[in-house]
Structures are given as structure tokens and as C-alpha cells.
Amino acid sequence: MSIVEAQLRSPVALPPSIRVRLAGARDCDELCSLLDNPAYAREQVMAWMTDPATTLLVAQSEIGVLGVAVLMTRVVARPEGGIRKIVEVDNLVVRADQRGRRIGRRLLAAAVEWSRQRRAVQVEAFVGEVDRDARRFYESFGFARSSDRLVLAA
Ligand SMILES: CC(C)(COP(=O)(O)OP(=O)(O)OC[C@H]1O[C@@H](n2cnc3c(N)ncnc32)[C@H](O)[C@@H]1OP(=O)(O)O)[C@@H](O)C(=O)NCCC(=O)NCCS
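Note that the coordinates shown come from a computational prediction; the quantities given were computed from them, not determined experimentally. (Residues numbered from 1 in each chain as written. Predicted model: local features only at pLDDT ≥ 70, side-chain atom pairs only at ≥ 80, totals over all residues.)

Observations regarding the overall build of the chain
Here's step 1: Scanning the chain for helices and strands turns up 4 helices and 7 strands.
Here's step 2: The N-to-C order of helical and strand elements in the chain reads β-β-α-α-β-β-β-α-β-α-β.
Here's step 3: Counting the 154 residues in the chain, one finds 25% classified as buried. (Helix = DSSP H or I, 4+ residues; strand = E, 2+ residues; numbered from the N terminus. Buried ≥ 20, exposed ≤ 12 C-beta atoms within 10 Å, placed from the backbone.)

Structure below.
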């Protein structure tokens, strides 16, 4: 199921001590600790970091990394010619003890701004039917359902 960014709102102000920046190799351990499955976390983080089409934005405060947005950029041919750039939010995770403080929203706003600066025409997120919390999170930001995607297990 695809949710396509439809409308943007200004992010809610956060304490100035929280900022969003690009992740680097030094963030690897903290990024691993954000993920659910420790057995695969390092492999996953390394795959993201070495993929040229993937960008990691992290929310940082004085206590460390509070969340991450994993952005994947793809270039798609337009039927009428030319190309368009689409950014997919492949994963967005906030540290469990920091949820509900608008950190996720701040990361999402930064992801959309990052996409606009790179002239992407669309930001997408894929959310499972049963994942109602994640769906509400994206919808509360302005994302809307889109049903133009067909998929097949490979
Ligand atoms: C989903 C997630 C990223 C939200 O991060 P967060 O920092 O807690 O969310 P925010 O405080 O920025 O919430 C922004 C809005 O999203 C909605 N929202 C956030 N968490 C929600 C939840 N658990 N249930 C329903 N709505 C939720 C609310 O509308 C909220 O607005 P409000 O504060 O005015 O009520 C976080 O709960 C998380 O890391 N979950 C596990 C991973 C995941 O499911 N990621 C999303 C799919 S990739």
C-alpha cells in the first residue's frame, strides 16, 4: 500500500537542542540500537550506508541519536519523456523512550525538505495494512493513500 505525500505543514517547534543531520560512520552503533532485530541490525545499517541511493537523516540531541529516517531515491522515466525523482521513506524509527515528542514529525519534515531541495516530485512511504499507528503518523503529516502500484513477490 502506498501513501503519497499530498500536503505539507510546518513542523512543530522542538527544543533547540534537537537537530537533524546526515548520518555518518560514527553513528553506526547508535543506529543499530534503534532497530528491532539486533542480529541483523549491523548488516542492515551497513547496507544503507554503502548504498549510493540511500540517505540517512538522524535526529540528534545532547543525549545522542534519537531517531533515523532512511531515504531511498529512485529516478523514474516520465511517459511523456524525461525523468522524475521520487524519494521513498524506507524506514523511520524514533528511540522507544523518546516517542511522542514530535521527533518523528521533525525527521519527516527534514526528509521532505531534503527531497524538495533535490527536486524530487514526490515522497512516498509504504505502510502495511495492519500498521495503523504508522499510517496515522504519516497521515497526520499530510500523506494520502495512492493505489497506483502493482506488486509481485519475486
Ligand atoms: C511512528 C514513529 C516514527 C512516530 O515517531 P514519534 O516521534 O513518536 O511521533 P511524533 O511525536 O512525531 O508524532 C507525530 C504525529 O504522528 C501521530 N502518531 C505518532 N505516533 C503515533 C502512534 N503510535 N499512534 C497513532 N498516531 C501516532 C500523531 O498524530 C502525532 O501527532 P500528535 O503528537 O499531534 O498526536 C515511532 O512511533 C516509531 O519509531 N515507531 C516504530 C517504527 C515505525 O513504526 N515507523 C514507521 C514506519 S517506517
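As for the environment of serine 17
Here's step 1: Relative to the helices and strands, serine 17 is located in the loop between β1 (2-5) and β2 (19-22).
Here's step 2: We classify serine 17 as exposed; it has 9 C-beta atoms within 10 Å.
Here's step 3: In contact with serine 17, not counting residues within four places along its chain, are Ser61 and Glu62. (Contact = placed C-beta atoms within 7 Å.)

Thoughts on the nonpolar core
Soluble globular proteins tend to pack their nonpolar side chains together in the buried interior.
Here's step 1: Residues Leu57, Val58, Val68, Ala69 and Ala111 are the most contacted members of the largest nonpolar core, which totals 29 residues.
Here's step 2: Breaking this core down by element, the ones donating at least two residues are α2 (38-50), β3 (54-61), β4 (64-77), β5 (83-94), α3 (103-117), β6 (122-126) and α4 (132-141).
Here's step 3: Ranked by the residues each element gives to this core, the list is headed by β4, at 6 residues. (Core = buried A, V, L, I, M, F, W, Y, C linked by C-beta atoms within 7 Å.)

Describing unusual backbone geometry
Here's step 1: A positive phi angle, near 70 degrees, is found at arginine 102, a position not held by glycine.
Here's step 2: Its location among the elements puts arginine 102 in the loop between β5 and α3.
Here's step 3: In this structure arginine 102 comes out as partly exposed when scored by C-beta crowding, with 16 C-beta atoms within 10 Å.
Here's step 4: Phi at arginine 119 takes a positive value of approximately 60 degrees, unusual for a residue other than glycine.
Here's step 5: Tracing the chain through its elements places arginine 119 in the loop between α3 and β6.

Looking at the site of the ligand
Here's step 1: With respect to spatial proximity, 16 residues lie near the ligand, and among them Arg99, Gly104, Arg105, Asp133 and Ser140 are the closest.
Here's step 2: When contributions to the shell around the ligand are tallied by element, the ones reaching two or more residues are β5, α3 and α4.
Here's step 3: Looking at the shell around the ligand residue by residue, the classes come out as 6 nonpolar, 4 polar and 6 charged. (Near = placed C-beta within 6 Å. Nonpolar A, V, L, I, M, F, W, Y, C, P; charged D, E, K, R; others polar.)

Quick word on the environment of glutamine 44
Here's step 1: Following the sequence through the fold, glutamine 44 ends up in helix α2.
Here's step 2: C-beta crowding within 10 Å serves as the criterion here: with 15 such atoms nearby, glutamine 44 is assigned to the partly exposed category.
Here's step 3: The sequence separation of glutamine 44 and leucine 31 amounts to 13 residues, and the corresponding C-alpha distance is 9.8 Å.

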